[in-house]
Every structure is written in C-alpha cells, then in structure tokens.
Amino acid sequence: MEDNPHDPNAVALWLEVKKFLKAERYHLGYVPASRAKYLAPKLRAGVKVSVTVTDVTGGTKEKPTRGVNVVIRY
C-alpha cells in the first residue's frame, strides 16, 4: 500500500467469500513488515501470489482475538 504513510510496503490480507450474487470481504490482517518489504515490490510488479491459511489462532478465553498463519507463494 504505497499510500500508507506509516509503511509504504504494508500488505493487507483480505478474504473474499462469494455468496450467491454477492461477495463479502473480511480483513484478515497484515503481512509482517519484515516480510512485506520483499513481497510488496513483487505485487507492484504484477507477480501473482497464492495465499494459503494454515492455522486459525486465538479465539480462547486467554487469547480472544483471532488470527491466521499463512503461507505465501509466488
């Protein structure tokens, strides 16, 4: 996200779920900055990537916020 004043290499992860004729989008989070600095230039250059969710984390009393672990391949 080049227009992000905090980090021009920020990469957000979104999940799009298509239901009938409508699509709903869910924000999953951000790629860590240490990885995004390598990924963002590839995305800007049009390189196609695949993202696989490997784990859903959290959602417990001790850790109520949910998160995901992903593998990104290009």
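About the thresholds
Residues numbered from 1 in each chain as written. Predicted model: local features only at pLDDT ≥ 70, side-chain atom pairs only at ≥ 80, totals over all residues. Heavy atoms only, no water. Helix = DSSP H or I, 4+ residues; strand = E, 2+ residues; numbered from the N terminus. Rg over C-alpha atoms; globule rule 2.2 N^0.38 Å. Buried < 20%, exposed > 50% of the residue type's maximum accessible area, 1.4 Å probe, protein only. Contact = heavy atoms within 4.5 Å. Areas by Shrake-Rupley, 256 points an atom, 1.4 Å probe, with all protein chains shown as cover. Lys, Arg positive; Asp, Glu negative; His and termini not counted. Charge placed at Lys NZ, Arg CZ, Asp CG, Glu CD. Salt bridge = Lys/Arg side-chain N within 4 Å of Asp/Glu carboxyl O. Patch = residues over 30% accessible without salt bridge, like charges linked within 9 Å, V, L, I, M, F, W, Y side chains within 5 Å. Phe/Tyr/Trp six-rings, centres within 6.5 Å; stacked < 30°, edge-to-face > 60°. Lys NZ or Arg CZ within 6 Å of the ring centre and 35° of its normal.

1. Some remarks on the overall build of the protein
Point 1. Across its full length, the protein holds 1 helix and 4 strands.
Point 2. Starting at the N terminus and ending at the C terminus, the protein contains elements arranged as β-β-α-β-β.
Point 3. At 14 Å, the protein has a C-alpha radius of gyration far larger than the 11 Å of a compact globule built from 74 residues.
Point 4. Projecting the C-alpha coordinates of the protein onto the three principal axes gives extents of approximately 40 × 35 × 25 Å.
Point 5. Looking at the protein residue by residue over its 74 residues, the buried ones come to 15%.
Point 6. Summarising the internal contacts of the protein: among those between residues at least 6 apart in sequence, 26% fall at separations of at least 24.
Point 7. Counting every atom, the protein has about 6200 Å² of accessible surface; 55% of that belongs to carbon and sulfur.
Point 8. Taking the 13 positively charged and 7 negatively charged side chains of the protein as two groups, their mean positions are separated by 4 Å.

2. Some details on the pattern of salt bridges
Point 1. Tallied over the full model, the rule gives 1 salt bridge.
Point 2. Residues K19 and E24 are paired through a salt bridge, measuring 3.8 Å at the closest nitrogen-oxygen approach.

3. A short note on a nonpolar patch on the surface
Point 1. A surface patch of nonpolar side chains, amounting to about 420 Å² of accessible area, comprises L15, Y26, L28, V53 and V56.
Point 2. Within the residue set of the nonpolar patch, elements represented by two or more residues are β2 (22-30) and β3 (50-57).
Point 3. Relative to the helices and strands, V53 is located in strand β3.
Point 4. Assessed through its relative accessible area of 43%, V53 is described here as partly exposed.

4. A look at the packing of aromatic side chains
Point 1. For the structure shown, the criterion picks out 0 aromatic pairs.
Point 2. The lysine or arginine in question, R25, covers the ring of W14, its NZ or CZ lying 4.6 Å from the ring centre.

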